[in-house]
Every structure is written in structure tokens, then in C-alpha cells.
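The chain contents come next:
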Amino acid sequence: MLTNSRSLRLATALSLGLGLSLHAPAIHAAEIFGTSRADVLVGSDDDNTNDAEIQPGGVVANQSLNNTDVLLGGFGDDVLIGMRGSDVLLGGPGDDIIIGGSERAVQPNSDVQLGGSGNDTALWAGGDGSDLFDGGPGQRDALVFGTIDRDATTDVPILTPVTGRHHKTGVPTANVTGQAGFCTLEPVADPSARGFEFLVRFFSKANGTLLVTVRTHDVEQVFCTAQNAAAITFADLTQTKPEFVEIALDAVKGVNPDVAQMIR
């Protein structure tokens, strides 16, 4: 089993033929730093009680961060993948793609995702926890709910080669049309007090159970799935009273070409 971020990145690179487009950043405990290039950063998930340096022998109280990682993107168009734990991911300058984790309902699993400057995309999958996504000063920051395509061995999201700004890293892909949940949108009463503007709630299609809530700040777009159809829904958060409406897959490119490369 691969346990460190460099091995995970290498496995992803080899499976996709991306090779030198993936850079190995410096790793300091739970912190992973990007470079000035386009990086793929994957959480190490190694700050836990199995680490003898972190957790002294004979000590009962948990001294670890429970697999929490801090991923700091550099100046490129990066892909940040938190994996397990409640992670903090900062995209930095550039048009970044952020995935909080692949926790599959294993807690802790609430991530904080900060896009930074640029048009950033946060991709959330069923089984991940209730997160916060702050898109930053970009003009087209997007939150996407979908079933992410993952490697069966490493559980790392599969990166698919594309043309355009993410040609050096590839992009994660996800099934939005056919996922087993749907979203609703609620503006908060006092955004200045809360620090975020909307609550995007994700429900099970099977029984209507509320599963998670994602908080958004400075996010302009949300993509999800229709409640009663195999269809994509879209909400423009720049509108006075935004709401989800169905959108054809072919029309997504006109709204957000980056997202159009990721979803089906």
C-alpha cells in the first residue's frame, strides 16, 4: 500500500503517462508545498498515531493531526488532492483544481479549501464531509458535486490528459449526471457575520436524507445533479436570487470550459 504523497503522485503519473508534468514538492510533516510550475499535490495522510515520532510510545492521548494535511499550491495551475483527514488546501495564484479528499464517509473528513487568485474549481464527491470552499478573487470559481473517478488501488482521483491550461497535470473527472444525490441552495442570513454566503446542501436521492453541507464564499458557480432526473443542474451565485436549473452537458462549456473538461 502506498502511504506517501510522492508514491501516490508517481503511481498516478505512471498510469496516465503524465511523467514529468508532476513535480515532487518539499514535504515537511503534514505540510506539502508546490512550486512555481503546475503541480499535482496529494496529501500524505501520515500524521497519525502510527507515526512513532508523532505519537510517543505508551501515551494514550492522541498527539496526531488524524491524517490532516496542509497543501499549499504555488504559482501554477495546480491540482490539489487532500485524501483522508480534515485537510486545508490553498490553491494560490493560478486556475487550480481542489479536491478535499476521498474519505468515503470515514471521519474526520471536513476540509477547508481556499482557491486564491484565479478561476478555481472545487470538486466534491459523495462520502466526503461537510466542507468550506472560498473561491477567492477569481471571476469564475466553481463548486462541483460529482462521483469522482478514482484509482482502485490508491484511491487517488484519476487525472485525464486534456488540452488547454491543465495540459501539464491533467484533470480529475466525475459523473455528475448520474450521481445518487441532488443539491439545494440556501443563502445565509448574515454573510458578514458567518464569513460565508451560501449553504449548498447535498441530499440522497434514495431517501431524501441530508448528507452534507458545503459552505461557500466568493464562489460564482455550482454544478450538481437534478433531484428527479439524470441531468446536470447549475446555479449562478452572482444572481440576486440564485437557484438550480437544469443545463445540458453541451452547454456547460459555454458557462465554464474548465468544468466541461471534468464532468459528464
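Refer to the structure printed above.
In this text, all values refer to a predicted model and were calculated from it rather than measured experimentally.

Caption draft 1: Representation of the state of the cysteines in the model. Overall, the coordinates contain one disulfide when judged by the stated rule. Across a sulfur-sulfur distance of 2.1 Å, C183 and C224 are joined as a disulfide pair. Taking the sign of the S-S torsion, about 70° here, the bridge from C183 to C224 comes out right-handed. Pair noted here: C183 is in strand 16 (residues 181–187) and C224 is in strand 19 (residues 221–225), with a separation of 41 residues, a long-range link. Judged by its relative accessible area of 8%, C183 is buried.

Caption draft 2: Layout of the sheet that holds strand 19. The eight strands lie next to each other as 3-5-7-9-11-19-20-21, forming an open sheet whose pairing is mixed. The open sheet has two edge strands, strand 3 (40–42) and strand 21 (245–247), and neither has a second partner. Strand after strand, the sheet turns through a mean of 20° between neighbouring axes, direction not considered. Taken together, the four bridges between strand 9 (residues 121–124) and strand 11 (residues 142–145) define a ladder with parallel strand orientation. Pairing of T121 across the sheet is with A142, part of strand 11.

Caption draft 3: Quick look at the pairing of strand 19. Most of strand 19 is tucked away: five of the five residues are buried. Of the two faces of strand 19, the one carrying Q221, F223 and T225 and the one carrying V222 and C224 are both buried. If you look at the hairpin formed by strand 19 and strand 20 (residues 232–236), you'll find six residues sitting between the two strands.

Caption draft 4: Representation of the packing of aromatic side chains. Under the criterion given, the structure shown has five aromatic pairs. Judged by centre distance (5.7 Å) and plane angle (5°), the rings of F145 and F202 are stacked. Within this pair, whereas F145 is found in strand 11, its partner F202 is found in strand 17 (residues 198–204), the two being separated by 57 residues in sequence. The same class applies to F145 and to F202, which are both buried. Aromatic side chains F182 and F203 sit 5.3 Å apart centroid to centroid with 15° between the ring planes, which places their arrangement in the stacked category.

Caption draft 5: Main features of the side chain of Q55. Mapped onto the fold, Q55 is located in the loop between strand 3 and strand 4 (70–72). One polar contact links the side chain of Q55 to the main-chain carbonyl oxygen of A61, over a distance of 2.9 Å. The contact partners of Q55, leaving out residues within four places of it in the chain, are T49, V60, A61, N62, Q63 and S64.

Caption draft 6: The side chain of N67, seen in detail. Note that N67 resides in the loop between strand 3 and strand 4. A polar atom in the side chain of N67 sits 2.7 Å from the side chain of N48.

Calculation rules
Residues numbered from 1 in each chain as written. Predicted model: local features only at pLDDT ≥ 70, side-chain atom pairs only at ≥ 80, totals over all residues. Heavy atoms only, no water. Disulfide = S-S within 2.5 Å. Helix = DSSP H or I, 4+ residues; strand = E, 2+ residues; numbered from the N terminus. Buried < 20%, exposed > 50% of the residue type's maximum accessible area, 1.4 Å probe, protein only. Pairing = 2+ DSSP bridges. Axes fitted to C-alpha atoms, helices over the stretch in contact; angles between N-to-C directions. Phe/Tyr/Trp six-rings, centres within 6.5 Å; stacked < 30°, edge-to-face > 60°. Polar contact = N/O pair within 3.5 Å; in protein donor to acceptor, adjacent residues only side chain to side chain. Contact = heavy atoms within 4.5 Å.

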